[in-house]
Amino acid sequence: MTAPSAQTYWDALRGVADPEIPVVNIVEMGMVRGVEIGEHGVRVRFTPTFSGCPALHVIRQGITDALAAAGADAVTVENVFSPPWTTDDITPEARAKLETYGIAPPAPNGESSLFMTLEPEAVRCPRCGSFDTRITASFGSALCKRMYVCQACREPFEGMKSV
Amino acid sequence: MTETTEIMTETLILTEALKTALTARFTALADDEITLSHRVAEWTGHAPLLEEDIALANIAQDELGHGTLWLGLRAALDGSNADALAYHRDAAEYRNVPLTELPKGDWAFTMVRQYLFDAWEVLWLDTARQSSYVPLAEAAAQALREEKFHLQHTALWVERLALGTPESTRRMQDALNQLWAYALGLFDPLPAEADAVAAGLLPDVAALQTRWLGLVRGHLEGVGLSIPSASELSASPLPYSRSQHTEHLAPLLADFQRVAREFPESQVW
């Protein structure tokens with residue numbers, strides 16, 4: 001039996017969902033920086049999103065389980081902080097999935113100023129597509145989200161913070 | 001707080017004295033985050049608005065995440081264990097500023113404290129991004145992106161309450177009068193930190209204080225609050241410091257550490 005290839009492991013990682021947002025996987029969210037096959041097993045370079053996010057523990061376990069199921073003998077998940085994860089790392093496919101799921105994808109981050117202003121970018125309603133929306137709460141049900149309401153269709157919705 | 005973080009090796013040579021200075025600063029930062037996180041989390045289920053309940057739970061979670069970052073940096077230097085440090089040190093061994101251990105008080109007190117702390121943390125992190133100690137520069141860049149949301153939120157609350165009703169204005173001024181001297185404690189340099197500052201490893205807190213004063217004074221006075229004068233402050237200096245805590249820290253830790261101490265063998269909760 002031949003050892004699984006790096007491609008096999010990448011495919012396995014595409015099966016690991018973000019537990020907070022189960023429609024997207026950790027690869028398309030930009031959380032996986034590298035997969036290396038070495039003498040002592042598979043090493044995954046993983047970038048945490050928000051430092052206090054409780055889902056990170058679940059994701060690390062998910063990585064280990066998925067790679068073991070794909071044939072890895074030993075799995076090491078290494079934290080990589082540089083460069084820090086940014087919502088700009090989320091792929092266009094994942095952005096589309098977020099929107100379909102009802103979460104407005106994050107606006108491009110850019111290098112924002114030290115003291116942020118209130119929502120510089122208009123956020124599009126994931127239900128009706130209107131830009132006539134306003135923020136209703138700066139924090140939401142997870143560290144990565146905030147709350148909005150659409151003034152066109154009246155739908156309250158979540159949006160991803162742009163970091 | 002159990003995961004270990006592999007730190008990139010850097011070319012910088014750290015002497016024992018510099019390691020000691022970094023360890024002390026990381027401990028102080030972690031202890032500030034942990035104790036403040038606990039105070040903020042005490043609002044969970046009790047905040048005046050559902051949205052604010054959620055906001056404070058988020059802020060508490062972020063601060064605890066930052067505490068984990070700092071203890072991870074410390075672990076890389078001295079091999080310590082984050083859980084052991086968080087849950088098994090007593091009040092006398094904690095190195096947080098007294099500001100963060102004070103009881104949560106009313107809504108105005110909570111918002112003024114958080115605002116003053118957030119402004120300090122944003123500025124500290126912004127400077128630390130340039131640290132010549134790469135693991136610190138990376139952690140600071142990560143935490144800064146989260147902390148900015150806090151500062152935005154609490155700065156708005158300061159404005160809203162200071163310009164709200166006579167009652168909210170009075171409560172804000174009372175909170176500021178009580179908290180100001182404690183907030184200045186954030187800028188006391190740690191013993192033996194000077195060489196690490198000179199080496200470009202750690203931010204110079206004296207320089208930060210100037211930036212912080214410019215920022216918060218402008219905002220607070222801009223919404224009609226008055227900052228206690230230097231003569232008022234010197235008339236009654238605080239007898240507390242990072243190594244001399246108020247009577248409020250021990251009960252906070254008893255609450256925070258209770259489960260870990262009751263079930264020392266447990267790995268997951």
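Coordinates for the structure precede this section.
Below, the structure is looked at part by part.

Parameters and conventions
Residues numbered from 1 in each chain as written. Chains lettered and ligands numbered in written order. Predicted model: local features only at pLDDT ≥ 70, side-chain atom pairs only at ≥ 80, totals over all residues. Heavy atoms only, no water. Helix = DSSP H or I, 4+ residues; strand = E, 2+ residues; numbered from the N terminus. Contact = heavy atoms within 4.5 Å. Lys, Arg positive; Asp, Glu negative; His and termini not counted. Charge placed at Lys NZ, Arg CZ, Asp CG, Glu CD. Rg over C-alpha atoms; globule rule 2.2 N^0.38 Å. Buried < 20%, exposed > 50% of the residue type's maximum accessible area, 1.4 Å probe, protein only. Arc of directions from axis to C-beta. Phe/Tyr/Trp six-rings, centres within 6.5 Å; stacked < 30°, edge-to-face > 60°. Axes fitted to C-alpha atoms, helices over the stretch in contact; angles between N-to-C directions. Parallel < 35°, antiparallel > 145°, perpendicular 65-115°, else oblique. Left-handed = near helix turned anticlockwise from the far one by under 90°. Nonpolar A, V, L, I, M, F, W, Y, C, P; charged D, E, K, R; others polar. Pairing = 2+ DSSP bridges. Buried area = accessible area lost by both parts, 1.4 Å probe. Salt bridge = Lys/Arg side-chain N within 4 Å of Asp/Glu carboxyl O. Disulfide = S-S within 2.5 Å.

## Details of the overall build of chain A
No. 1: The number of helices and strands found in chain A is three helices and nine strands.
No. 2: When its helices and strands are written in sequence order, chain A yields α-β-β-β-β-α-β-α-β-β-β-β.
No. 3: In terms of overall dimensions, chain A has C-alpha extents of about 60 × 30 × 25 Å along its principal axes.
No. 4: Partitioning the contacts of chain A with sequence separation of at least 6, the portion at a separation of at least 24 is 51%.
No. 5: Looking at charge distribution, chain A has the averaged site of its 14 positive side-chain charges lying 6 Å from that of its 19 negative ones.

## Here we look at the overall build of chain B
No. 1: The secondary structure content of chain B amounts to 11 helices and zero strands.
No. 2: Reading the secondary structure of chain B in the N-to-C direction produces α-α-α-α-α-α-α-α-α-α-α.
No. 3: Computed over its C-alpha atoms, the radius of gyration of chain B comes to 18 Å, within 12% of the 18 Å expected for a compact globule of 269 residues.
No. 4: On the principal axes, the C-alpha backbone points of chain B span a range of 55 × 45 × 35 Å.
No. 5: Across the 269 residues that make up chain B, the buried fraction comes to 54%.
No. 6: Put simply, 82% of the contacts in chain B that link residues at least 6 apart link residues at least 24 apart.
No. 7: When the 19 basic and 38 acidic side-chain charges of chain B are each reduced to a single mean position, those positions are 2 Å apart.

## Observations concerning helix α3 (residues 92-101) of chain A
All names here are of chain A.
No. 1: Burial in α3 covers these residues: Ala 94, Leu 98 and Glu 99. Within α3, the buried residues cover an arc of 140° as seen down the axis, which keeps them to one side. Residues of α3 that are exposed and angled more than 90 degrees away from the buried face: Pro 92, Glu 93 and Thr 100.

## With respect to the packing of aromatic side chains
No. 1: Inspection of the entire model under this criterion finds 11 aromatic pairs over all chains.
No. 2: Ring centres of Tyr148(A) and Phe157(A) lie 5.4 Å apart, and the angle between their planes is 10°; on these two criteria the pair is classed as stacked. With respect to burial, Tyr148(A) and Phe157(A) carry one shared label: buried.
No. 3: Between Tyr182(B) and Tyr240(B) the ring centres are 6.4 Å apart and the planes differ by 15°, which places this aromatic pair in the stacked class. Taken together, the positions of Tyr182(B) in helix α7 (residues 166-184) and Tyr240(B) in the loop between α10 (230-235) and α11 (249-262) put the pair 58 residues apart, joining distant regions of the chain.

## Looking at the packing of helix α5 (residues 107-128) of chain B against helix α6 (residues 134-162) of chain B
Residues and elements named next belong to chain B.
No. 1: At a closest axis distance of 7 Å, the pairing of α5 and α6 adopts a crossing angle of 150°. In terms of orientation, α5 and α6 fall into the roughly antiparallel class. For the crossing formed where α5 meets α6, the hand is left-handed.
No. 2: In terms of residue class, the contact of α5 with α6 is built from 19 nonpolar, three polar and five charged.

## Structural notes on the sheet that holds strand β3 (residues 32-38) of chain A
All names here are of chain A.
No. 1: With mixed pairing, three strands are arranged side by side in an open sheet as β3-β4-β5. This sheet does not close on itself; its edge strands, each paired only once, are β3 and β5 (75-79). When strand polarity is set aside, the average angle formed by the axes of neighbouring strands in this sheet is 20°.
No. 2: Relative to strand β4 (residues 41-46), β3 runs antiparallel, the two sharing six bridges. For Val 32, the partnering residue across the bridge sits in β4 and is Phe 46.
No. 3: Running over the sheet, helix α1 (residues 6-13) touches β3 and β4 and is turned about 140° from β3.
No. 4: Across the sheet, helix α2 (residues 55-69) lies against β4 and β5, angled at about 145° from β5, the strand it touches most.

## Side note on the pairing of strand β2 (residues 21-25) of chain A
Residues and elements named next belong to chain A.
No. 1: Taken together, the two bridges between strand β1 (residues 17-18) and β2 define a ladder with antiparallel strand orientation. Residue pairing in the sheet places Ala 17 in a bridge with Asn 25 of β2.
No. 2: Here β1 folds back onto β2 in antiparallel fashion, the turn holding two residues.

## A look at the interface of chain A and chain B
No. 1: The interface of chain A with chain B comprises 36 residues on the first partner and 33 residues on the second.
No. 2: Summed over both partners, the interface of chain A with chain B buries about 2800 Å², with 60% contributed by carbon and sulfur atoms.
No. 3: Counting every contact that joins chain A to chain B gives zero salt bridges.
No. 4: Elements that contribute at least two residues to the side of chain A that touches chain B include exactly α2, β5 and β7 (133-137) of chain A.

## Some words on the pattern of salt bridges
Residues and elements named next belong to chain B.
No. 1: Under the criterion given, the structure shown has 23 salt bridges over all chains.
No. 2: The closest approach of N and O atoms between Glu 42 and Arg 39, which form a salt bridge, is 2.9 Å.
No. 3: Glu 42 sits in the partly exposed class, given a relative accessible area of 25%.
No. 4: Among the ionic pairs, Asp 126 bridges to Arg 211, the shortest N-O distance being 3.3 Å. One end of the pair, Asp 126, is in helix α5; the other, Arg 211, is in helix α9 (residues 205-222), and 85 residues separate them in sequence.

## With respect to the state of the cysteines
Every disulfide links exactly two cysteines, by a covalent bond between their sulfur atoms.
No. 1: In total, this model carries zero disulfides over all chains according to the counting rule given.
No. 2: Looking at Cys144(A), it has no disulfide partner, and the nearest cysteine sulfur is the one in Cys53(A), 6.5 Å off.

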